[in-house]
Amino acid sequence: MSHSRRQFLSNSLKTAAAVTVLRSVVSATALKQSAAVQPLFARLDEFIARHMRETGAPGLTVALANRDGLIRVSTYGYADTKAGLRVVPETMFEIGSISKSFVSLALLQLRDEGKLDLNKPIAEYLPWLKINSKFQAITTHHILSHTAGLPGAPLLLDALLSELWTAYEPGKRFLYSNTGYNILGFLIEALDKRPFAHAMRARMLEPLGMTASSPIITSDLRKLMAIGYEPLVEAKPFPQHGTLGEAQWLEVDIAAGSIASTPADMAKYMRMLLNRGALPKGRLISEESFDLFLKPAIDSPYRGEPATYGYGLWVSNIEGHTRLRHTGGMVAFSSSIDVDMTGNIAAFASVNANLRGYRPVAVTKYAVELFNASAPGKPLPDPPAPPPAADEVKNAADYAGTYTTLDGKKLEFAADGNKLVFVDGNRKVVLERAGGDRFIVKHPDYETYVLGFVRENQQVTQAFYGANWYLGEKYTGLKTFETKKEWEAFAGHYHNDSPWYGDARVVLRKGQLFMDGVQPLVPRGDGKFGLGDTDGPDWIAFESIVDGRAMRMSLSGIIFRRIFTP
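Predicted model only: the values in this text are computed from it and were never measured. Sequence order sets the numbering: in each chain, residues are counted from 1 along the sequence as written. Reporting in this predicted model follows two pLDDT cut-offs: at least 70 for local features of residues, and 80 or more for side-chain atom pairs to be given and counted; totals over whole chains, interfaces and linings ignore these cut-offs and use all residues. Each side-chain value is worked out from all heavy atoms of the structure, with water and hydrogens disregarded.

As for the overall build of the chain
The test is simple: The numbering of helices and of strands both runs from the N terminus, where a helix is a DSSP run of H or I of at least 4 residues and a strand a run of E of at least 2. As a reference, a globule follows 2.2 Å times the number of residues to the power 0.38, and the radius of gyration itself is taken over C-alpha atoms. The buried label applies to any residue whose accessible area, calculated with a 1.4 Å probe on protein chains only, is under 20% of its type's maximum; exposed applies above 50%, and partly exposed to all values in between. We call two residues in contact whenever any of their non-hydrogen atoms come within 4.5 Å of each other. For every accessible area listed, the method is Shrake-Rupley and the probe measures 1.4 Å; residues are considered covered only by the protein chains on display. Just so you know, the count uses Lys and Arg for positive and Asp and Glu for negative, and it drops His and the chain ends. By convention, charge coordinates are those of NZ in Lys, CZ in Arg, CG in Asp, or CD in Glu.
When helices and strands are counted, the chain shows 10 helices and 34 strands. In terms of overall dimensions, the chain is globule-like: its C-alpha atoms have a radius of gyration of 25 Å, near the 24 Å expected for 566 residues. With the C-alpha coordinates aligned to their principal axes, the bounding extent of the chain is approximately 75 × 55 × 45 Å. For the chain, with 566 residues in total, the buried portion stands at 53%. Contacts in the chain between residues at least 24 apart in sequence constitute 60% of all its contacts with a sequence separation of at least 6. On the chain, roughly 24200 Å² of surface is accessible, and the fraction owed to carbon and sulfur atoms is 50%. Across the chain, the centroid of the 63 positively charged side chains sits 2 Å from that of the 59 negatively charged ones.

Here's the deal with the packing of helix H6 (residues 178–192) against helix H7 (residues 196–208)
For the record, the criterion: Axes here refer to lines fitted to C-alpha atoms; in helices the fit is confined to the stretch in contact. Angles between the N-to-C directions go from 0 to 180 degrees. Under this scheme an angle from 65 to 115 degrees is roughly perpendicular, one under 35 degrees roughly parallel, and one over 145 degrees roughly antiparallel; angles in between are oblique. Under the convention adopted here, Pro, Cys and the residues Ala, Val, Leu, Ile, Met, Phe, Trp and Tyr are nonpolar, Asp, Glu, Lys and Arg are charged, and Gly plus all remaining residues are polar.
At their nearest, the axes of H6 and H7 sit 9 Å apart, and the two run at 75° to each other. One finds that H6 runs roughly perpendicular with respect to H7. The segment H6 lies against H7, with Gly185, Ile188, Glu189 and Asp192 engaging Phe196, Ala199, Met200 and Arg203. Tallied by class, the residues present in the contact of H6 with H7 amount to four nonpolar, one polar and three charged.

Examining the sheet that holds strand S28 (residues 502–509)
Selection criterion: We call two strands paired when DSSP finds no fewer than two bridges between them.
Around the barrel, which closes on itself, the eight strands sit in the order S27-S28-S29-S30-S31-S32-S33-S34 with antiparallel pairing between neighbours. Averaged over all neighbouring strand pairs, the angle between strand axes comes to 35°, with direction disregarded.

Here we look at the nonpolar core
Test applied: Side-chain atoms within 4.5 Å are what join buried Ala, Val, Leu, Ile, Met, Phe, Trp, Tyr and Cys residues into a set we call a nonpolar core.
Of all hydrophobic cores here, the largest spans 109 residues; its most connected members are Phe102, Tyr269 and Phe542. When near neighbours in sequence (up to four residues on either side) are disregarded, Phe102 contacts Ile95, Met200, Met204, Leu205, Met210, Ile259, Met266 and Tyr269. Listed in part, the 29 residues of the second largest apolar core include Phe41, Leu64, Tyr229 and Tyr358.

Overview of the packing of aromatic side chains
Condition: To pair, rings of Phe, Tyr and Trp, with the six-membered ring standing in for Trp, must have centres within 6.5 Å; the planes then decide the type, stacked if under 30 degrees apart, edge-to-face if over 60, and tilted in the middle. Sitting over a ring, as applied to charges here, requires NZ of Lys or CZ of Arg to be within 6 Å of the ring centre and within 35 degrees of the ring normal.
By the definition in use, this model includes 29 aromatic pairs. Here the aromatic rings of Phe413 and Phe453 are separated by 5.3 Å at their centres, their planes lie at 75°, and the arrangement is edge-to-face. One end of the pair, Phe413, is in strand S19 (residues 410–416); the other, Phe453, is in strand S24 (residues 451–456), with 40 residues separating them in the sequence. Note on Phe453: relative accessible area 5%, which makes it buried. Put simply, the rings of Tyr399, Tyr403, Phe413, Phe422, Phe439, Tyr446, Tyr449, Phe453 and Tyr465 pair up and form one aromatic cluster. Sitting above the plane of the Tyr181 ring, Lys100 keeps its charged end 5.7 Å from the centroid. Stacked on the ring of Phe514, the Lys or Arg Arg509 has its end atom at 4.0 Å from the ring centre.

Regarding H6
As a reminder, the rule being used: A helix is expected to reach a length of 1.5 Å times the quantity of its residues less one.
Between its first and last C-alpha atoms H6 spans 21 Å; for 15 residues at 1.5 Å apiece the expected length is 21 Å, and the two agree. With 12 of its 15 residues buried, H6 lies for the most part within the structure. Along H6, the residues classified as buried are Asn178, Thr179, Gly180, Tyr181, Asn182, Ile183, Leu184, Gly185, Leu187, Ile188, Leu191 and Asp192. On its buried face, H6 is in contact with helix H4 (99–112), helix H5 (140–144), strand S8 (164–165), H7 and strand S13 (308–309). Downstream of H6 by a residue or two, Lys193 has a phi angle that is positive, lying close to 65°.

Some remarks on helix H9 (residues 287–294)
As a reminder, the rule being used: Starting at the helix axis, one direction is taken to each C-beta atom, and the arc is that of these directions.
Those residues of H9 not exposed but buried are Ser289, Phe290, Phe293 and Leu294. Looking straight down H9, one finds that the buried residues subtend no more than 135° of arc, so they occupy a single side. Against the buried residues of H9 lie H4, helix H8 (263–274), strand S14 (314–318) and strand S15 (321–329).

A word on unusual backbone geometry
You will see that His146, though not glycine, has its phi angle at about 55°, which is positive. Among the secondary structure elements, His146 is positioned in the loop between H5 and S8. Phi is positive for Ser556, which is not a glycine, with a value near 50°. By the secondary structure assignment, Ser556 is in the loop between strand S33 (549–555) and strand S34 (558–563).

Here's the deal with the side chain of Asp340
Our working rule: Definition of a polar contact: a pair of N or O atoms within 3.5 Å, with one able to donate and the other able to accept a hydrogen when the atoms are protein atoms, and with sequence-neighbouring residues admitted only if both atoms are side-chain atoms.
Note on placement: Asp340 falls in strand S16 (residues 334–340). Polar side-chain contacts of Asp340 include one of 3.0 Å to the backbone nitrogen of Thr342.

Examining the pattern of salt bridges
Here is the rule: Any carboxyl oxygen of Asp or Glu that lies within 4 Å of a side-chain nitrogen of Lys or Arg is treated as forming a salt bridge with it.
Across all of its chains, the model carries 24 salt bridges by this definition. In this structure, Lys268 and Asp265 form a salt bridge, with 3.6 Å as the shortest nitrogen-oxygen distance. One end of the pair is Lys268 and the other is Asp265, both in helix H8 and three residues apart, which spans about a single turn. What makes Asp265 buried here is its relative accessible area of 3%. In this structure, a network of salt bridges that share partners links the residues Glu113, Lys115, Asp192, Arg194 and Arg203.

Encoded structure:
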């Protein structure tokens, strides 16, 4: 991605100042109940303002709906930080993988029409599709429920141009696969006899009245879309409230996540879900097919909570309420949908930024909780507690001490209350927790990788940063490890031109290869490496050795080329 094409910004003061709600769309029902709903709206707006300051989100849009339709659209922050343009109800956002439920419903329509048998091998509908598998044939049902055993890493259509493979017996294990849903886009074309975009518009958007939405993301939409943002330095750890840059514009026509919409249009979609497929006139799919849509196919936690996966949505039972949920992550957008079928309330939210795995789940969850409490007249729930400060490390003393490499390089850490401090001579740097025993070091010499610690019998005995291994004072294990000479050719910095993938760094440490210094590459018997799991469908291979260095790295068929930057 070319830095010269980016407009840079700091997402601190400007974003915080922009958290102003525009209550420009409120339903007639909500207006009639103004006295009852205004405290709810005020509580939600207050939480969202705080939430945006905590996350550094540039802009956010929210839709609330029930079985009667739209309750409220609210917008916050900036659609374009450089121009100072606010998010408005007409601003389009990319909904990402929430698109998968649209694809599922379109296929269930085709089932209602007798054109699709969900349990028939998909290769019978797509004879060009080559899948190398020692197991039973993959069906549409398997792909819809992410139980086909197909690779999870490849997102681009490149993965479909050669032979695919499976690692698990279909129907036995959940493995989220964008490749699978891209296949389903071709299945819709084959059965509908129209291009994917035309079929999705005719089958989904037009019946739902989603006239402000698009089935694929094209350059024609750019003037209607919020500007998307991503970490300015995409290939390095992103600290809390790190600097964002304008992301590269990207057309998206793949079924795994191609829909762009407005909050009011998403309210129409949620109304249909709450009405179990019924529209103001007629039905989108039959009652029978809607039952299949939500039927649990396999257990799969939703962001750590118990849930099952149906066809394009997670289904949960939360305190006796059936909840349909999903998130969407794009190069520069993050979205969430939460539909409470029992409580008759649904919420959609989208942020115009990629914040390293963030999704606005807290926003949609709290919105649903507020309405569920207000219906029986209960006290409104308090907003979620603020997350702990990124630099709060309550067990900082666990990591304090000096760690030394075999050639004498030292790292020193000290505990300062609930802070973990890197001591570099007279300079002291407070670390940010990056999950578990990993930390972000905001020091120019340590910004490329996360810093990690290793525990043995609950005690921290080692530290690592990239290729460097540091021994703590309590370490008593081996100090030398066998390293395969040919693996030295694989270490390096690799780049893929697609913003979906970007950069990857492979390091050799303690005789083991690691992706980005953290993910172990496990050797398989075929010369490839598994990503922590030799039995998984995704793999890494290194190719084109020149002067003792691999010039290319393949991630399940997606090619990265070596680049000669740090």
